[in-house]
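The residues making up each chain are set out below.
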Amino acid sequence: MGTKSIRKSLLLGVTVTVGLVMAAGGCAVYVVMKRSSLNQFDHALVEHAELVEASLLWADGRVKYEGGAYKVNEENEEFDVFEAWMAEGGEVVAKSPALKGDSLQRPVGVGSEPVFLEIRAPWGAPMRAVTMSFLPAAEDPAEGPVPESMRVEMIVAHALDELEDSLGLLRL
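Residues numbered from 1 in each chain as written. Predicted model: local features only at pLDDT ≥ 70, side-chain atom pairs only at ≥ 80, totals over all residues. Heavy atoms only, no water.

> Explain the environment of Glu91 here, please?
Counting through the fold element by element, Glu91 comes out in the loop between strand 3 (80–86) and strand 4 (92–95). Glu91 sits in the exposed class, given a relative accessible area of 54%. For the pair Glu91 and Val152, spaced 61 residues apart in sequence, the C-alpha separation works out to 9.6 Å. (Helix = DSSP H or I, 4+ residues; strand = E, 2+ residues; numbered from the N terminus. Buried < 20%, exposed > 50% of the residue type's maximum accessible area, 1.4 Å probe, protein only.)

Structure below.
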């Protein structure tokens, strides 16, 4: 009565081992899918940033916004927001209509390479953002090269709701 059977011990050992292997496999799949989803999300952010960049032109000694290239999802315009500033002086040169009277926090130390970060929208929604700086294209190439003093810094952000919903399905 007090002795353990070998069969019970082996069955318990195999059951625990299989359970641990399956749990570890599930965690690995979740981590890989999360990383893949985040990479796709970041790629889409960079594409949006490139559209905003294409909409900013240097003409007549100043940077102007030609708002046609970047279209916001009108049903959920608060999901996509952007703001662009002159690197020297910080003057706002463009911002998305969804911001209304608000502003995004101007990032510090923006370089020409995209940098991704988590921010909060002025209305409190968690967002993933990309920041970068660039020299806008000249509206008239005959005007010569765009001076460094016309460098623009920008942030483009998208609400994390869709990404979190997708990852939530994976956790089930």
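> Explanation requested: the packing of aromatic side chains in the structure shown.
Working definition: an aromatic ring pair is given by the centre-to-centre distance plus the angle between the planes. Under the definition given, this model contains 1 aromatic pair. Between the aromatic rings of Tyr65 and Phe82, the centroid separation amounts to 5.7 Å while the plane-to-plane angle is 50°, which identifies the pairing as tilted. Here Tyr65 is found in strand 2 (residues 62–65), whereas its partner Phe82 is found in strand 3, with 17 residues between them in sequence. Classification of Tyr65 by relative accessible area gives partly exposed; the value is 27%. Phe82 sits in the buried class, given a relative accessible area of 0%. (Phe/Tyr/Trp six-rings, centres within 6.5 Å; stacked < 30°, edge-to-face > 60°.)

> Would you mind going over the sheet that holds strand 8 (residues 152–159) with me for this structure?
Hydrogen bonding along the main chain pairs the strands of a sheet, whether they run parallel or antiparallel. Spatial ordering of the open sheet is given by 4-3-8-6-5, a layout of 5 strands whose pairing is antiparallel. Strands with a single pairing partner mark the edges of an open sheet, and in this sheet they are strand 4 and strand 5 (115–120). Each strand axis lies, on average, 20° off the axis of its neighbour in the sheet, ignoring direction. By the bridge criterion, 8 bridges tie strand 6 (residues 126–134) to strand 8 in an arrangement that is antiparallel. For Thr131, the partnering residue across the bridge sits in strand 8 and is Ile155. (Pairing = 2+ DSSP bridges. Axes fitted to C-alpha atoms, helices over the stretch in contact; angles between N-to-C directions.)

> What is the right way to read the pattern of salt bridges from this model?
Pairs may arise between side chains of opposite charge once their charged atoms sit close together. Tallied over the full model, the rule gives 6 salt bridges. Two residues, Glu148 and Arg151, come together in a salt bridge whose shortest N-O distance is 2.5 Å. One connected set of salt bridges, linked through shared partners, spans Asp42, Glu118 and Arg128. (Salt bridge = Lys/Arg side-chain N within 4 Å of Asp/Glu carboxyl O.)

> What is the right way to look at the sheet that holds strand 7 (residues 137–138) in this model?
Strand order in the open sheet formed by 3 strands is 2-1-7, with mixed pairing between adjacent strands. In the strand order of this sheet, the two ends are held by strand 2 and strand 7, each with one partner. The pairing of strand 1 (residues 56–59) with strand 2 spans 4 bridges and is antiparallel. Across the sheet, the residue bridging to Leu56 is Tyr65, located in strand 2. Sitting on the sheet, helix 1 (residues 6–55) is in contact with strand 1 and strand 2, with an inclination near 25° to strand 1. (Contact = heavy atoms within 4.5 Å.)

In short, the description is geometric, and any link to function would need to be established separately.
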